[in-house]
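A structural walkthrough
Residue-level listing of the chains:
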Amino acid sequence: MRSFSLIFKQFSRSVLLIAGFAFLGSSAYAQGDATKGEAIFKANCTTCHKIDIRLIGPALGPTVTSDTDDKWLTKWIENNQALIAAHDKKALDIYNQYAQANMTVFTQLSDGDVANILSYVRTAWKTQQTAAAKPGASGPAAETGPSDLVIYALIGVIILAFIIILVLNKVVITLERLLEKNQGLFIEEVAVEKVAVDRFAFARKLAKNKKFVFFTLLCGTLALGSWTWITMWNTNVHQGYQPVQPIKFPHDLHAGAMKIDCQYCHSGAYKSKNASIPSLNVCMNCHKTIDRTLNSKTASPEIKKIYDALGYDPQTQKYDSTKTRPMQWIRIHNLPDFAYFNHSQHVKVAKLRCQTCHGPIETMKEVYQYSPLTMKWCVQCHKRTNVDFKGNAYYTKMEAVHNLIKEGKPVTAAMMGGIECGKCHY
Amino acid sequence: MLAMNKIKILGTTVIIIAATIIISSCKDKRSTGWEYAPNMYEHLAYDPDQKNDNFKDGKTAQVPPAGTTPIGFIRFDYANTKDGYEKAGLEYKDTIAASNQNLADGKILFQHFCSPCHGMSGQGDGLVVAHGFPAPPSYSKGQSSRGGAMKDLTDGKIYHTITYGVNAMGSYASQLEPNERMKVILYVHHLQTL
């Protein structure tokens, strides 16, 4: 009896242990609620993480799926700084691998919240992978329209049919002639000669018609004259010029749909003569993390051109300075050297909108020159625009000098900006 | 004019107008068109955005030599590290007055440079975010990735972030001058209280 109870005791203990472990294991992996996790993930994690690709931090899908140590993951997510401070080896490895970038501390998240997030990330990664593995990619392509092959085949069939018709026609004509020859009739050739004679006669008659000749000459002179007139006026006027740029930058998306202000990229327009073409680091403010269009599965070849010009590797997120080369945009608006134009004078002082001269840039997929930029065009606007003096700091000095004149006080050259460096040393 | 009737005259006019339209419309948009005396249009002087073979990297716009300070430029000598960030947060203070004019300037600069991501009211809900860019934390309610609440960020910490960038945000040093950064900070402090 005693030995039996001993055996039973040992047996029961091991069973309990196994059951306990199984329960712990299952609870650790399957407890989380993915839908709740999705909400928490989107509110807290998407600033730095994506499920499928690296953003600021690692791609969470593969990372969290391969790492099943949920206890450690929970600790890391809730307070990674504490783990790093405690010199946890795994934590330090990650910290150094991602250039010692700090991850936000999420002490407000409970263990349950973290379990929900983990379960969401794992299920989302799983669904993404199964979707990618499915060979149903050809389905939507067929829906969008017939493939190139079908179109080419159709064109081929039409051309072939045409050739056959022509050949058959020829055969019919030859056979008919043969038939007529046998009957001794040559009506056809006679008919052809008659037509030719008629035609020449008509032309000769026309050439003798003075009214007609005058008419033709008049039309020709007027058409040529108007062509010359238009060509002369448009010489050196580049209105409508729309060159192909090295990167197909869509202004309609950036300035139109996303309403990014012109100044964000052309920041010189407010403070310099030149509106400035943005250097590529301005592109990288966003395109460091955006390498494709919205909802696209593959990286954009146009955005890749930015990376190539900078020697940037999106995988490691590092720049190789030996591979950099400047981007050679093609200048659209070009004023000759004998005309001075200052952007800041028009944008900052006159408070003009960019669209006044550059047209509806926010709707242009490809930019073209909207205004003629001729002297007439400049003068016309300068004649029609009233100057806004009120609260305009640019004109305060001018107003002050005029007030002095009204009061009958002396005005020196220095008061009018006569000792500014640029007055002599330009 | 001879014995032409009205229909003939009208017909001629229509033909001429049509010919003019056709002639003037066949213009290649990829070309600048005819140019007379192009020497007047192709500058001798270099434009800032122009190619320049006189320099090794082929650009006219050259970076100032390392260690130089332009006139009127305010230096910010804190390293782009966590320590530099914390140090700037303790030591650095804005040197411009919190006037209404500066706040208004800051608002415009914020709307032009920051609101595409941070949103008009700093809640991290800009239009670029709506198009798939990772959302930044709210100024008033969010948590900073470098510790503490966003609403407690000091002058130095914000200045450090604008100058060097952090996480998905890039450096705005090339777009905002030091005094413009200070104006933006003034306005961000206002948004932190929302």
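Residues numbered from 1 in each chain as written. Chains lettered and ligands numbered in written order. Predicted model: local features only at pLDDT ≥ 70, side-chain atom pairs only at ≥ 80, totals over all residues.

**Section: the overall build of chain B**
- Counting its secondary structure elements, chain B contains seven helices and zero strands.
- When the helices and strands of chain B are listed from N to C terminus, the series reads α-α-α-α-α-α-α.
- Here chain B has a C-alpha radius of gyration of 28 Å; the compact-globule value for 194 residues is 16 Å, and the former is much larger.
- Here the C-alpha coordinates of chain B stretch approximately 95 × 45 × 35 Å along the principal axes.
- Counting every position in chain B, which comprises 194 residues, the buried fraction comes to 29%.
- Taking all contacts inside chain B whose residues are at least 6 apart in sequence as the whole, residues at least 24 apart take part in 52%. (Helix = DSSP H or I, 4+ residues; strand = E, 2+ residues; numbered from the N terminus. Rg over C-alpha atoms; globule rule 2.2 N^0.38 Å. Buried ≥ 20, exposed ≤ 12 C-beta atoms within 10 Å, placed from the backbone. Contact = placed C-beta atoms within 7 Å.)

**Focus: the overall build of chain A**
- Per the secondary structure count, chain A includes 20 helices and two strands.
- The buried share among the 426 residues of chain A stands at 13%.
- Counting only contacts in chain A whose residues sit at least 6 apart along the sequence, the fraction spanning at least 24 positions is 60%.

**Things to note about the interface of chain B and chain A**
- The interface is formed by 51 residues belonging to chain B together with 53 residues belonging to chain A.
- In terms of residue count, helix 1 (residues 6–25) of chain B provides more of the side of chain B that touches chain A than any other element does, seven residues in total.
- Its residues assigned to classes, the side of chain B that touches chain A shows 22 nonpolar, 19 polar and ten charged. (Nonpolar A, V, L, I, M, F, W, Y, C, P; charged D, E, K, R; others polar.)

**Some words on the environment of Ile94 of chain A**
Residues and elements named next belong to chain A.
- Tracing the backbone through its elements, the reader meets Ile94 in helix 6 (residues 89–97).
- Given 17 C-beta atoms within a 10 Å radius, Ile94 is considered partly exposed.
- Each C-alpha atom, one on Ile94 and one on Lys348, is 48 Å from the other, the two residues being 254 residues apart in sequence.

**Quick look at the packing of helix 6 (residues 155–164) of chain B against helix 7 (residues 178–192) of chain B**
Residues and elements named next belong to chain B.
- At a minimum axis separation of 10 Å, helix 6 and helix 7 run at an interaxial angle of 125°. Comparing the axis directions of helix 6 and helix 7 gives the class oblique. As helix 6 packs across helix 7, the resulting crossing turns out to be right-handed. Two secondary-structure elements touch here, helix 6 through Asp155, Ile158, Tyr159 and Ile162 and helix 7 through Arg181, Val184, Ile185 and Val188.
- A per-class count over the contact of helix 6 with helix 7 returns six nonpolar, no polar and two charged. (Axes fitted to C-alpha atoms, helices over the stretch in contact; angles between N-to-C directions. Parallel < 35°, antiparallel > 145°, perpendicular 65-115°, else oblique. Left-handed = near helix turned anticlockwise from the far one by under 90°.)

**Notes on unusual backbone geometry**
All names here are of chain A.
- Here the phi dihedral of His87 falls at roughly 55°; this positive angle occurs in a residue that is not glycine.
- Along the chain, the position of His87 falls in the loop between helix 5 (80–85) and helix 6.
- If you check the backbone angles, Gln317 has positive phi at about 60° while not being a glycine.
- Here Gln317 is to be found in the loop between strand 1 (312–313) and strand 2 (318–319).
- On the basis of neighbour count, Gln317 is assigned to the partly exposed category, with 14 C-beta atoms found within 10 Å.

**Structural notes on the confidence of the model for chain A**
Residues and elements named next belong to chain A.
- Averaged over chain A, the pLDDT score is 81; the fraction of residues at 70 or greater is 86%.
- Across chain A, helix 18 (residues 375–384) holds the top mean pLDDT of 94, while helix 8 (residues 138–144) sits lowest at 44.
- Within the model, the stretch residues 20–30 combines pLDDT values under 50 with one contact to residues more than four positions away or in other chains.
- Note on residues 136–143: pLDDT is under 50 here. Beyond four places in sequence and across chains, it has zero contacts. (pLDDT = per-residue confidence, 0-100.)

**Points about the nonpolar core**
- Counting 40 residues, the largest nonpolar core has Phe110, Phe113, Val184, Ile185 and Val188 of chain B as the members making the most contacts within it.
- Put simply, the parts of the chain that give this core at least two residues each are helix 13 (262–265), helix 14 (280–287) and helix 15 (301–310) of chain A together with helix 2 (82–91), helix 3 (100–113), helix 5 (127–130), helix 6 and helix 7 of chain B.
- Top element by residues in this core is helix 7 of chain B. It accounts for seven residues.
- Other than its neighbours up to four places away in sequence, Phe110 of chain B contacts Ser115, Val184, Tyr187 and Val188 of chain B.
- Core analysis: the second largest hydrophobic core is formed by 16 residues, Cys48, Ile51, Ile117 and Val121 of chain A among them. (Core = buried A, V, L, I, M, F, W, Y, C linked by C-beta atoms within 7 Å.)

**Let's talk about the packing of helix 2 of chain B against helix 6 of chain B**
All names here are of chain B.
- Here helix 2 crosses helix 6 at 135°, and the two axes come no closer than 6 Å. Here helix 2 lies oblique to helix 6, going by the angle between them. Across the interface between the two elements, Gly84, Tyr85, Ala88, Gly89, Leu90 and Glu91 from helix 2 touch Gly156, Lys157, Tyr159 and His160 from helix 6.
- Classifying every residue of the contact of helix 2 with helix 6 gives four nonpolar, four polar and two charged.

**A few points about the domain arrangement of chain A**
- According to the domain assignment, chain A consists of domain 1 (25–132), domain 2 (148–234), domain 3 (251–386) and domain 4 (387–426).
- For domain 2 of chain A and domain 3 of chain A, the distance between their C-alpha centroids amounts to 52 Å. (Domains from an automatic or database assignment.)

**Some remarks on helix 2 (residues 34–44) of chain A**
Residues and elements named next belong to chain A.
- Within helix 2 the residues assigned to the buried category are Gly37, Phe41 and Asn44. For helix 2, the angular spread of buried residues about the axis comes to 85°, placing them on one side. For helix 2, the exposed residues lying more than 90 degrees away from the buried face are Thr35, Lys42 and Ala43. (Arc of directions from axis to C-beta.)

**Some points on helix 7 of chain B**
- Over its 15 residues, helix 7 of chain B runs 21 Å from end to end, which matches the ideal 21 Å to within 8%, given 1.5 Å per residue.
- Residues of helix 7 of chain B that are buried: Glu180, Arg181, Met182, Lys183, Val184, Ile185, Leu186, Tyr187, Val188 and Leu191 of chain B. (Expected span 1.5 Å × (residues − 1).)

**Things to note about the environment of Gln81 of chain A**
- Along the polypeptide, Gln81 of chain A turns up in helix 5.
- Sequence-wise, Gln81 of chain A and Glu420 of chain A are 339 residues apart; in three dimensions their C-alpha atoms are separated by 56 Å.

**Focus: the confidence of the model for chain B**
- Chain-level statistics for chain B give a pLDDT mean of 85 and a share of 95% at 70 or above.
- Reported for the predicted complex are a pTM of 0.70 and an ipTM of 0.82.

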